[in-house]
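Single-letter residue listing:
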Amino acid sequence: MKTLLLVDGSSYLYRAFHAMPDLRNSKNEPTGAIQGVLNMLRRLHKDYPSDYSACVFDAKGKTFRDDIYAEYKANRASMPDDLRKQIEPLHAAIKALGWPLIMEDGVEADDVIGALAKQAEREGVRVIISTGDKDISQLVNNHITVVNTMRDAFRKVDDVLDVAGVERKFGIPPNLMVDYLILIGDTSDNVPGVEKVGPKTAVKWLKEYGSLENIVANADNIKGVVGENLRKALPWLPTARELITIRCDVGIQENLSDLEPQAIDRAKLAELFERFEFKSWRRELDNMPDGGKPSDSTSSPPTDLFVPAYQANTSRNYETIVDSEQLDNWLAKLSTANLVCFDTETTSLDPMTAKIVGMSFSVEAGSAAYLPLKHDYFDAPEQLDFTETLAKVKPVLENFAIKKVGQNLKYDQHVLANHGITLNGIEHDTMLQSYVFESHKTHGMDALAARHLGLQTITFEQVAGKGAKQVGFNQVTVEVAAEYAAEDADITLQLHQAMYPQIAADAKLDFIYWQIEMPSAGVLFTIERNGVLIDRDMLNVQSNEIGTKLVALENQAYALAGQPFNLASPKQLQEILFDKLGIKATKKTPSGAPSTDEDVLQELALDHPLPKVLLEYRGLAKLKSTYTDKLPKMINAQTGRVHTSYNQAVAITGRLASSDPNLQNIPVRSAEGRRIREAFVAPKGSHIVSADYSQIELRIMAHLSQDKGMLQAFANNEDIHRHTAAEIFGVERDAVDNEQRRYAKVINFGLIYGMSAFGLAQNLNIERSAAASYIERYFARYPGVREYMQNTREVAKQKGYVETYFGRRLWVPEINSANGMRRAGAERAAINAPMQGTAADLIKLAMIAVDRWLKEEKLNGENLKSKLIMQVHDELVLEVPDNELELVKKTLPELMQNVAKLDVPLLAEVGVGNNWESAH
């Protein structure tokens, strides 16, 4: 089926103007709206390839609605001059890019869109309408879908409004949207509704009576003030209907054949890009293939070549705050700014112990200030009193109304908390913007500045030294520190101005940023601050026991080798295994020596006893050094707890990483690993509660692949591994034995990780031909999975990334690599990434929902004392007082299971115990 893509250009125009920074060329002409709209069009064409497309704008002058109601849109402010100046060149650029551009005199863009959509529907063409205007939702049906391009702070999972999506978003189906809008009114168009009737009342009435016509018929039965208001409004409602209903029968000149992709006008684009100094776009234009036409008849113009170029401000109007008058001036400036960039300079990278040395601020690109407070080197200049200054700065930092942006502000939150200051008003984080926009790249400020601003920044090593010669920031001279710290604030603000518009222009990325990553940062701060209680004595006992086992394993290895040797030395191990014992090497290191890595030892352990002993020794030694020895030393002296750090911007899939200590990698398959979890305990009068998603990645695979067999199995709450075994081995489910179920489990999980027949054969220790046969039977029973995998590979090759259910981009840079092994690895990653990434999104959404509930819920009139203390993979861990246990056990799975609606039920399982291990 062919597709028509219609864009509400007027909606885009205002969105871009208000979202983009005030960008200008050297002639002081405004350029931000032009850049923003072109970038949004690029992303839209990339996300929704189409056979026909058009960008529709409102024409100047009155329409029939002005004749019906003189006050129509009378509340709208006049168009800003800077916006008006950009309209003509923007229209020229859109046309030059090959987009048909439509403006019909006397007809609003909504009516043009409606007429074209209905025309396409009659001709069997699927329609996608991109707009931020909720009125257009009235057009939605099985052939017409709306893509909401505008940010909605209360948006749920979906940005694509099909029939079900409209009902999810508004509570009523599309055919009642006009009735709904008549009742609530449209403030943006100055169309009154029924006084005091909001969305909840409108939905309630429409569900009760079925239509506005029936509501009017029963108006006398509706009690209270709203009933009176409804009766007063009855004479107005027919006029409101004429104003709100999109007219799909207006006469327009265009037909579908006029909306095919047009050739790109290179000369015009070159002229526009040079005039507005879009330098990177101009370079890309020169590198385009000859012809300037779409590559085939079903593709859109290659506008994805053009990425908005932010023109960095290279001014360095930096100052050092050394007296009270300067401080007061800056505090006044911060209090009235639309957005404040804030950064701390500290004594340590450990967020729980770091103390402030100074802080920097910026509210305007190219301008910033550094406030030194604790530089204490010999002959350091006098600085403002630390306590008094923090007391003056505190109200600004704690003010919710003063919006802040920073680079990894979670760290600065901790630092301020160490001084009794709560950082409020966190609006943006450039590290998270970078992570959402391009997760596969590095997200440090220096790298971001080079990548997005083309600037080389001062590095920490340049001001504090390297290695053993590195000094604490308090020992850096104020003059050097001020230049470095002020630049941090200035550059971070500019990075926000460069990156955020690109996120805001993409509804999916916008959702990931606002609804997942930004709120997750706040929850993670709380979890990190809470910490987890550790039984130091228990770990000491475990450490001694592991030490004894290591000595025994060491002696066992000596006996098998026939001599003592250093078990940690690869060179000595090579000599013992491959020279003395004559075992055949299976893999070599890059230098050509026989490898003794874990994969090799696992393979050799199937036939030889020494590699098996070595593997057990390595595993226990790592547990001892990483956990049983180290954890007791990491207990915070002030809190008596261990506080990990959760790193959001690490894994491409969106999964969290944990460090100092790493709580994600405690092994659970070995008895010793599980015993370490026993040392994570609840205080007296409380329990540990663990909740995790069951078989989450398989459920996600069922949803994404839409395989009927998998969907049915989960819908019936069947054991998916037993179900798969029955299908593969051709037996009744009741007849599946444990070995068959084990095989099916390996196949189920292995294939979503892209496991080959060779890998499956190795894993199950069977012939490769048998493994290939199992895989073939699997795909014969689950054809939707095979189709999904193939489609995913193709999408990855075309775009360079795949997406989660929620729209997170998961980049696979090697997907088109000439190296076969790298390409195959990227294909496996592309297949699995949507499952892992969607699971990561779900647990973050669950974490956000649980944190919100814990803060809002009350028991016997008091706030809950339960708290989140860990997030590990698909699991949330809480510390719960005994009197709140039943409430938490009941509510926790409900919250987790309802953060999203997939086509299979989500299942969250809850366990309770005195320690983390016993809670499973």
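Definitions and cut-offs
- Residues numbered from 1 in each chain as written.
- Predicted model: local features only at pLDDT ≥ 70, side-chain atom pairs only at ≥ 80, totals over all residues.
- Heavy atoms only, no water.
- Core = buried A, V, L, I, M, F, W, Y, C linked by side-chain atoms within 4.5 Å.
- Buried < 20%, exposed > 50% of the residue type's maximum accessible area, 1.4 Å probe, protein only.
- Helix = DSSP H or I, 4+ residues; strand = E, 2+ residues; numbered from the N terminus.
- Contact = heavy atoms within 4.5 Å.
- Pairing = 2+ DSSP bridges.
- Axes fitted to C-alpha atoms, helices over the stretch in contact; angles between N-to-C directions.
- Polar contact = N/O pair within 3.5 Å; in protein donor to acceptor, adjacent residues only side chain to side chain.
- Salt bridge = Lys/Arg side-chain N within 4 Å of Asp/Glu carboxyl O.
- Arc of directions from axis to C-beta.
- Phe/Tyr/Trp six-rings, centres within 6.5 Å; stacked < 30°, edge-to-face > 60°.
- Lys NZ or Arg CZ within 6 Å of the ring centre and 35° of its normal.
- Parallel < 35°, antiparallel > 145°, perpendicular 65-115°, else oblique.
- Nonpolar A, V, L, I, M, F, W, Y, C, P; charged D, E, K, R; others polar.

1. So, the nonpolar core
So, point 1. With 125 residues, the main nonpolar core has Phe-680, Tyr-693 and Leu-878 as its most contacted residues.
So, point 2. For this core, the element with the most residues is helix H34 (residues 820-856), which contributes 13 residues.
So, point 3. Look past the residues within four positions of Tyr-693 in its chain and what remains in contact with it is Leu-842, Ile-843, Ala-846, Asp-874, Met-896, Val-899, Leu-906, Leu-907 and Ala-908.

2. A few points about the sheet that holds strand E7 (residues 317-320)
So, point 1. With mixed pairing, the six strands of this open sheet are ordered in space as E7-E10-E9-E8-E11-E12. Looking at the sheet topology across the chains shown, the edges are occupied by E7 and strand E12 (426-429). Strand-to-strand twist across the sheet, computed as the mean angle between neighbouring axes with direction ignored, equals 25°.
So, point 2. Sheet topology note: the strand E11 (residues 404-406)/E12 ladder contains three bridges and is parallel. Each bridged residue has a counterpart across the sheet, and for Val-405 the counterpart in E12 is His-428.
So, point 3. Against the sheet, helix H16 (residues 409-417) makes contact with strand E8 (340-346), strand E9 (356-364), E11 and E12, and its axis sits at roughly 60° relative to E8, the strand it touches most.

3. Some points on the sheet that holds strand E22 (residues 867-872)
So, point 1. Read across the open sheet, the four strands follow the order E22-E23-E17-E24; overall the sheet is antiparallel. Edge positions in the sheet fall to E22 and strand E24 (908-913), since each has one partner strand and no second. On average, each strand axis in the sheet is tilted by 20° relative to the strand beside it, whichever way the strands run.
So, point 2. Sheet topology note: the E22/strand E23 (residues 875-881) ladder contains five bridges and is antiparallel. Pairing of Val-872 across the sheet is with Glu-875, part of E23.

4. Digging into the environment of Asp-851
So, point 1. With respect to the helices and strands, Asp-851 occurs in helix H34.
So, point 2. Separated by 329 residues in sequence, Asp-851 and Gly-522 have C-alpha atoms that sit 9.5 Å apart.
So, point 3. Apart from the residues within four sequence positions on either side, Asp-851 is in contact with Val-523, Thr-526 and Leu-868.
So, point 4. Here Lys-855 takes part through its side chain, which lies 3.1 Å from a polar atom of the side chain of Asp-851.

5. Description of the pattern of salt bridges
So, point 1. Taken as a whole and assessed by the stated rule, the structure comprises 43 salt bridges.
So, point 2. Of the charged contacts in the structure, one is a salt bridge between Arg-675 and Glu-545, with a shortest N-O distance of 2.5 Å. On the criterion of sequence distance, the pair formed by Arg-675 in helix H26 (residues 671-678) and Glu-545 in helix H22 (residues 536-561) is long-range, its members being 130 residues apart.
So, point 3. With relative accessibility at 29%, the residue Arg-675 sits in the partly exposed group.
So, point 4. For Glu-545, a relative accessible area of 33% puts it in the partly exposed group.
So, point 5. Here Glu-894 and Lys-890 are joined by a salt bridge, their closest N and O atoms 3.4 Å apart. Taken as a pair, Glu-894 and Lys-890 lie in helix H35 (residues 885-897) at a separation of four residues, close to a single helical turn.
So, point 6. The class of Lys-890 is exposed, set by a relative accessible area of 53%.

6. What about H26?
So, point 1. Listed as buried for H26 are Glu-672, Gly-673, Ile-676 and Arg-677. Seen along its axis, H26 keeps its buried residues to an arc of 155°; they face one direction.
So, point 2. At its buried positions, H26 is contacted by H22, helix H25 (609-628), strand E16 (680-681) and E23.

7. Remarks on the packing of aromatic side chains
So, point 1. On inspection of all chains with the given rule, the structure shows 23 aromatic pairs.
So, point 2. Relative to Trp-514, the ring of Tyr-513 lies with its centre 5.3 Å away and its plane at 75°, an arrangement referred to as edge-to-face. The residues Tyr-513 and Trp-514 share a single accessibility class, namely buried.
So, point 3. Aromatic ring contacts, followed pair by pair, group Phe-273, Phe-276, Phe-278 and Trp-281 into a single cluster.
So, point 4. Positioned above the aromatic ring of Phe-64 is the side chain of Arg-247, whose terminal nitrogen or guanidinium carbon lies 4.7 Å from the ring centre.

8. Describing the pairing of strand E4 (residues 126-131)
So, point 1. Among the six residues in E4, five count as buried, and that is most of the element.
So, point 2. Taken together, the five bridges between strand E1 (residues 3-8) and E4 define a ladder with parallel strand orientation. Bridge assignment links Leu-5 to a residue of E4, and that residue is Ile-128.

9. Regarding the packing of helix H30 (residues 738-752) against helix H32 (residues 768-781)
So, point 1. Between H30 and H32, the least distance of the axes is 11 Å, while the angle of their chain directions is 75°. Comparing their axes, H32 and H30 come out roughly perpendicular. Where H30 abuts H32, its residues Tyr-743, Ile-747, Asn-748 and Leu-751 lie against Tyr-774, Ile-775, Tyr-778 and Phe-779.
So, point 2. When grouped by side-chain class, the residues that make up the contact of H30 with H32 number seven nonpolar, one polar and no charged.

10. What about the pairing of E9?
Looking along a regular strand, one sees the side chains alternate between the two faces of the sheet.
So, point 1. The buried count for E9 comes to seven of nine residues, which makes it a mostly enclosed element.
So, point 2. Pairing analysis gives six bridges linking E8 to E9, with the strands arranged antiparallel. Across the sheet, Thr-346 pairs through a bridge with Ile-356, a residue of E9.
So, point 3. Between E9 and strand E10 (residues 367-372), which pair antiparallel and follow one another directly, the connecting turn spans two residues, one of which, Gly-366, has a positive phi of 90°.

11. Section: the packing of helix H33 (residues 783-799) against H34
So, point 1. For the pair H33 and H34, interaxial distance at closest approach is 9 Å and the crossing angle is 110°. Taken together, the axes of H33 and H34 are roughly perpendicular relative to one another. For the pair formed by H33 and H34, the contact residues are Tyr-788, Met-789, Thr-792, Arg-793, Ala-796 and Lys-797 on the first element and Glu-827, Ala-830, Ile-831, Pro-834 and Met-835 on the second.
So, point 2. Split by residue class, the contact of H33 with H34 holds seven nonpolar, one polar and three charged.

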